[in-house]
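Take a look at the letters that make up each chain.
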Amino acid sequence: LHFFLSILFLAVIGGQSVDPVEPLFRSTLTKYRRKANSDPSTQWDPWSEFPALLDPLVEDAPLQVVGGYEEAILVIEQASIAAGAREDTNRDSALSKLYFGYAKMLASLNAELCTELALSPHNLLIGAETADANNPSTKLCVENAENSLRNAASLDATNIEAEALLKKISGESAHERKPKEFIAELFDSFADTFDDKLLGTLGYKVPGLVGEAAKDLRSGKTPPTFETALDAGCGTGLAGRYLRSLVSGPLIGVDASQKMLDIASKCTTTSGCGLKSESNIEEAESSLPLYDGLFALDLEVMTIGNTLNAASSEYRRSALDKFDLIVAADVLVYFGKLHELFQTFAHLSSTNAGLIFSCERASEEEAPLGWRLMASGRFAHTKKHAIEAAEEVGYKLVRYQEIVPRMEKGEEVRGHLFSFVMKPSEISEDGGKTEL
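Here is what the cut-offs are and how they apply
Counting restarts for each chain, with residues numbered from 1 along the sequence as it is written. At least 70 in pLDDT is required for a residue's local features to be given in this predicted model, at least 80 for side-chain atom pairs to be given and counted, and no such filter applies to totals for whole chains, interfaces and linings, which use all residues. Excluding hydrogens and water, the side-chain values take into account all heavy atoms of the structure. Only the stretch in contact is used when a helix axis is fitted, and all axes are lines through C-alpha atoms; the angle between N-to-C directions ranges over 0 to 180 degrees. Secondary structure is summarised from DSSP: a helix means a run of H or I of at least four residues, a strand means a run of E of at least two, and numbering begins at the N terminus for each. The cut-offs work like this: below 35 degrees is roughly parallel, past 145 is roughly antiparallel, 65 to 115 is roughly perpendicular, and the gaps in between are oblique. Two helices cross in a left-handed way if the nearer one is turned anticlockwise from the farther one by less than a right angle. They cross in a right-handed way if the turn is clockwise. Contacts: residue pairs with any heavy atoms within 4.5 Å of one another. Only protein chains enter the accessibility calculation, which uses a 1.4 Å probe; a residue is then buried when its area is under 20% of its type maximum, exposed when over 50%, and partly exposed in between. At least two DSSP bridges between two strands are required for those strands to pair. By definition here, a helix of n residues has an expected span of 1.5 Å times n minus one. Confidence scores labelled pLDDT are given residue by residue by the predictor and lie between 0 and 100. Among the buried residues, those of types Ala, Val, Leu, Ile, Met, Phe, Trp, Tyr and Cys that are joined through side-chain atoms within 4.5 Å form a nonpolar core. To obtain the arc, one takes the directions from the helix axis to the C-beta atoms. Here a polar contact is recorded for every N or O atom pair within 3.5 Å, except that within protein the pair must consist of a potential hydrogen donor and a potential acceptor, and residues adjacent in sequence are included only if both atoms are side-chain atoms. Ring geometry is summarised as follows: Phe, Tyr and Trp rings, the Trp one being its six-membered ring, pair when their centres sit within 6.5 Å, and such pairs are stacked at plane angles under 30 degrees, edge-to-face over 60 and tilted between the two. Only lysine NZ and arginine CZ atoms are considered, and such an atom sits over a ring when it is within 6 Å of the ring centre and within 35 degrees of the ring normal.

What about the packing of helix 7 (residues 139–155) against helix 8 (residues 160–170)?
- As a packed pair, helix 7 and helix 8 sit with axes 9 Å apart at the nearest point and diverge in direction by 150°. Here helix 7 lies roughly antiparallel to helix 8, going by the angle between them. Two packed elements cross with a definite hand, and for helix 7 against helix 8 that hand is left-handed. Where helix 7 abuts helix 8, its residues V142, E146, L149, R150, A152 and A153 lie against A162, E163, L165, L166, I169 and S170.

Description of the side chain of E146
- Within the secondary structure, E146 sits in helix 7.
- Dropping the residues within four chain positions of it, E146 is found in contact with L166, I169 and S170.

A closer look at the pairing of strand 13 (residues 415–422)
- Along strand 13, eight of the eight residues are buried, which leaves the element largely enclosed by surrounding structure.
- Burial along strand 13 is two-sided: G415, L417, S419 and V421 facing one way and H416, F418, F420 and M422 facing the other are all buried.
- Where strand 7 (residues 349–361) lies against strand 13, seven bridges are found, and the strand directions are antiparallel. Bridging from a neighbouring strand, S358 pairs with L417 of strand 13.
- Looking at chain direction, strand 10 (residues 395–403) and strand 13 are connected through eight bridges and run antiparallel. The residue of strand 13 that forms the bridge with K396 is V421.

Regarding unusual backbone geometry
- With omega at -5°, the peptide bond leading from T222 into P223 counts as cis.
- The residue P223 is located in the loop between helix 11 (206–217) and strand 3 (229–232) in this model.
- Look at N352: it is not a glycine, yet its phi comes out positive at around 70°.

Structural notes on helix 11
- For helix 11, built from 12 residues, the straight-helix expectation of 16 Å at 1.5 Å per residue is met to within 8% by its first-to-last C-alpha distance of 16 Å.
- Those residues of helix 11 not exposed but buried are V206, P207, G208, V210, G211, A213, A214 and L217.
- Residues of helix 11 that are buried make contact with helix 12 (238–243), strand 6 (323–328), strand 7, strand 10 and strand 13.

Overview of the confidence of the model for the chain
- On average, residues of the chain score 83 in pLDDT, and 80% of them are at 70 or above.
- Low pLDDT (under 50) marks residues 186–191, which in the prediction has 14 contacts with non-local residues, meaning those over four places away or in another chain.

Concerning the nonpolar core
- Of all hydrophobic cores here, the largest spans 42 residues; its most connected members are W47, L98, L106, L109 and L125.
- Listing elements by their share of this core, those giving two or more residues are helix 2 (22–38), helix 3 (45–54), helix 4 (62–83), helix 5 (89–108), helix 6 (111–119), helix 7 and helix 8.
- If sequence neighbours within four positions are ignored, W47 has contacts with F25, T28, L29, Y32, A72, V75, I76, A94 and L98.
- The next biggest cluster of nonpolar side chains, apart from the first, holds 37 residues, and it includes V333, F345, L355 and F420.

Focus: helix 6
- Regarding helix 6, the residues found buried are A111, C114, T115, L117 and A118. Taken end-on, helix 6 shows its buried residues confined to a sector of 160°, consistent with a single buried face.
- Sitting at the amino-terminal end of helix 6 is N110, which places a side-chain oxygen 3.2 Å from the backbone nitrogen of E112.

Structural notes on the packing of aromatic side chains
- A complete count under the given rule lists 12 aromatic pairs for this structure.
- Residues F357 and F418 carry aromatic rings whose centres are separated by 4.9 Å and whose planes lie at 20° to one another, so their mutual orientation is stacked. Of this pair, F357 sits in strand 7 while F418 sits in strand 13; the two residues are 61 residues apart in sequence, bridging distant segments of the chain. F418 shares its class with F357; the two are buried.
- Ring centres of Y395 and F420 lie 6.4 Å apart, and the angle between their planes is 65°; on these two criteria the pair is classed as edge-to-face. Separated by 25 residues along the polypeptide, Y395 in strand 10 and F420 in strand 13 bring together distant segments of the chain. For the pair shown, Y395 and F420 are each scored as buried.
- Linked through ring pairs, F342, F345, F357, Y395, Y400, F418 and F420 together constitute an aromatic cluster.
- Taking the ring centre of F226 as reference, the NZ or CZ of R218 above it sits at 5.5 Å.
- Directly above the aromatic system of Y400 lies the positively charged group of K383, at a separation of 4.2 Å from the ring centroid.

Printed below as a string of structure tokens:
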């Protein structure tokens, strides 16, 4: 592999092969290997310094510099695979720098150089086979630059340069929430196999954990049930199964995926939504739907009008104008910063309402912004960010638990589960809530 990639470094001038990048790569590789044996804590430092070595060659040997970045990235990616799922922030930081440098180079290439790179026999460009020598274009290089910048930003949330360049090139941010259209398309595509994969292959535990947390919020209280509840990001209704018996009034489900909602709409108190046995349930209940209303909405545009009041005229005529419980089971993985979503939840919550949600867990070191886009495409959040974002809009933490939401590639996924209650408050001018 090294031999073939080395071809990228060769430029023929005056009949002689000139290799300006290869000596720098070999020297860096040697330093890396020595440190890996003598001082593993600093083994990634040579790769963090590699971009600075390449900078003087950018103008005179752009394609060779691109090749240097590609080969350096391969070294670390192969080391990452060999290490398995083990976290290493120093490694990720070095790899982030390399992906950023690689993206800068790709974005700077003109149409002729981009096409020449794509047509070369050895490169890492996705879609290189579509290049046309008769129709030079920068499109392929720009697309690959965007992918590399997303990698850079997800590997190291403090790589502000990568985030800024991605925003400049694509108008997008690696740290913003996933668009509703993306989420809808993603879940529509595997709605039919969603339950079997989660509950069987991945050992999904969040619905049951959320149900236990909701039950705990009403423990020792009268009545022992919630009057109204919102299952935000309900999917196929797996959490709804555990919530139904805890809600005396309307249980409303909202999701971006219509196909997921179509499956949830078929769930009753005796079938579907993860229920495997009907033997101990009253026959007369078999026709009762699990949810009282299901709506295809972006979570950040939810209102009482398009959720609770839209479900039935009966609720519009009643005094039910807020939710007593809001649950977001394994939903926040598609959001970066949580403040706007929690502000929406706050507007929908009655005084003393419960808010229960799960997140994938990141440490402060891994996610200095409070959230981090991972290689899986999901966001992980720190405990501090989740608590601060909820408290900012008026919630008070009453329970916290580190959990294993599911398995992924044979490894336990790190997660945490939060339970809050809404403090007595009033809506402030900026739309948040202030404690009385």
